[in-house]
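Report on the structure
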Amino acid sequence: MINTKLLELQGIANEIRIDIIRTLFLAGSGHPGGSLSAADIMSVLFFDEMNVDPTNLDMPNRDKFVLSKGHAAPVLYVTMAHKGFLPKVELKTLRKLGSRLQGHPDMKRLPGVEMSTGSLGQGFSASVGMAIAGKLDKSPGRVYALLGDGEMQEGLVWEAFMSAAHFGLDNLTVFIDWNGLQIDGRNDDVMCIAPLPEKIRSFCWETIEIDGHDIEAIADALAQAKTVKGRPVAIIAKTIKGKGVSFMEDNHNWHGKTPNEEEARLALKELGGEWEW
């Protein structure tokens, strides 16, 4: 990846983090930790990888993205706003009564959201269905999904892994945002998911392990995924929950707690963002 593109994507990821903090402060509720950890992945997907067009939402051969860890809706909404799917000013309505930006993504309210998610595992399962449909339609479009590591404790997830491999869905690429934390603490203490790469490989998936905050590594993994034939691809992204904000990093207490004004101002200062929108 040339340096100018790399710097552009890094800048977009940082802007996404800035707007996540602003949006969640105004909302007064929501999930910062897992939204911040996924910003780099979302930057590469929406601004370098996926074939999507905010002005042509029903484009037949478009790529599709499913946020299976639906509680991280802020990172999806902010990314979509930066891409042009909705006005940035609408981010100020997050979780407000009547807003299109509910606590979990709603495909019936917000055009551009491919699947309503929130119940963990269901988004991944829906992405498998989308990939099967793409195969039947002989569509060149690809399907991408983003799962949380706590989500890997759901039985439905492993049924989806098994089904995707059985049907040879090489048009499906799944990211696992492995930051090691969930709402009640560390994965290892709540319900250990290790050894995750070996488990996924045993389900006949191509498995790639990367640093989930390394823009170039994310882009390279996606390029590699498109060369794989006959099986789906899982990209296991090692990340830091709350990435970019020192007092939120690697702290499960920021899974579903929003910053007060003092904390929001400090977070924005660390990210190089302005208080005023």
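1. A few points about the overall build of the protein chain
Assigned secondary structure in the protein chain consists of ten helices and seven strands. Computed over the C-alpha atoms, the radius of gyration of the protein chain is 17 Å, within 12% of the 19 Å expected from 2.2 N^0.38 for a compact globule of 277 residues. Projected onto its principal axes, the C-alpha coordinates of the protein chain cover approximately 50 × 45 × 40 Å. Taking all 277 residues of the protein chain together, the buried fraction comes to 54%. The contacts of the protein chain with a sequence gap of at least 6 include a subset with a gap of at least 24, amounting to 74%. Surface accessibility of the protein chain: about 11,700 Å² in total, with carbon and sulfur atoms responsible for 50%.

2. Examining the nonpolar core
One recurring pattern in soluble globular proteins is that nonpolar side chains are buried together. Counting 60 residues, the largest nonpolar core has I21, L45, F46, F65, F175 and I210 as its most contacted members. For this core, the leading source of residues is helix α1 (residues 3–27), giving nine residues. The contact partners of F46, leaving out residues within four places of it in the chain, are F65, L76, T79, K83 and F85. In this structure, F124, V143, W158 and A160 belong to the second largest nonpolar core, which totals 26 residues.

3. Some words on helix α4 (residues 73–83)
Within α4, nine of the eleven residues are buried, which leaves the element mostly enclosed by the surrounding structure. Taken together, the buried positions of α4 are occupied by A73, P74, V75, L76, Y77, V78, T79, M80 and A81. G84 lies just past α4 and shows a positive phi near 105°.

4. Concerning the side chain of R22
Assignment of secondary structure puts R22 in helix α1. Beyond its immediate stretch of four places on either side in the chain, R22 contacts L268, G273, E274, W275, E276 and W277.

5. Some remarks on the sheet that holds strand β3 (residues 172–178)
With parallel pairing, the five strands of this open sheet are ordered in space as β1-β2-β3-β7-β6. The sheet is open, and its two edges are formed by β1 (64–67) and β6 (206–211), each paired on a single side. Here the average twist between neighbouring strands, direction ignored, is 20°. Two elements, strand β2 (residues 143–148) and β3, share six bridges in a ladder whose sense is parallel. Each bridged residue has a counterpart across the sheet, and for G148 the counterpart in β3 is D177. This element, helix α9 (residues 215–225), spans β2, β3, β6 and β7 (233–238) of the sheet and lies at about 170° to β6.

About the thresholds
- Residues numbered from 1 in each chain as written.
- Predicted model: local features only at pLDDT ≥ 70, side-chain atom pairs only at ≥ 80, totals over all residues.
- Heavy atoms only, no water.
- Helix = DSSP H or I, 4+ residues; strand = E, 2+ residues; numbered from the N terminus.
- Rg over C-alpha atoms; globule rule 2.2 N^0.38 Å.
- Buried < 20%, exposed > 50% of the residue type's maximum accessible area, 1.4 Å probe, protein only.
- Contact = heavy atoms within 4.5 Å.
- Areas by Shrake-Rupley, 256 points an atom, 1.4 Å probe, with all protein chains shown as cover.
- Core = buried A, V, L, I, M, F, W, Y, C linked by side-chain atoms within 4.5 Å.
- Pairing = 2+ DSSP bridges.
- Axes fitted to C-alpha atoms, helices over the stretch in contact; angles between N-to-C directions.

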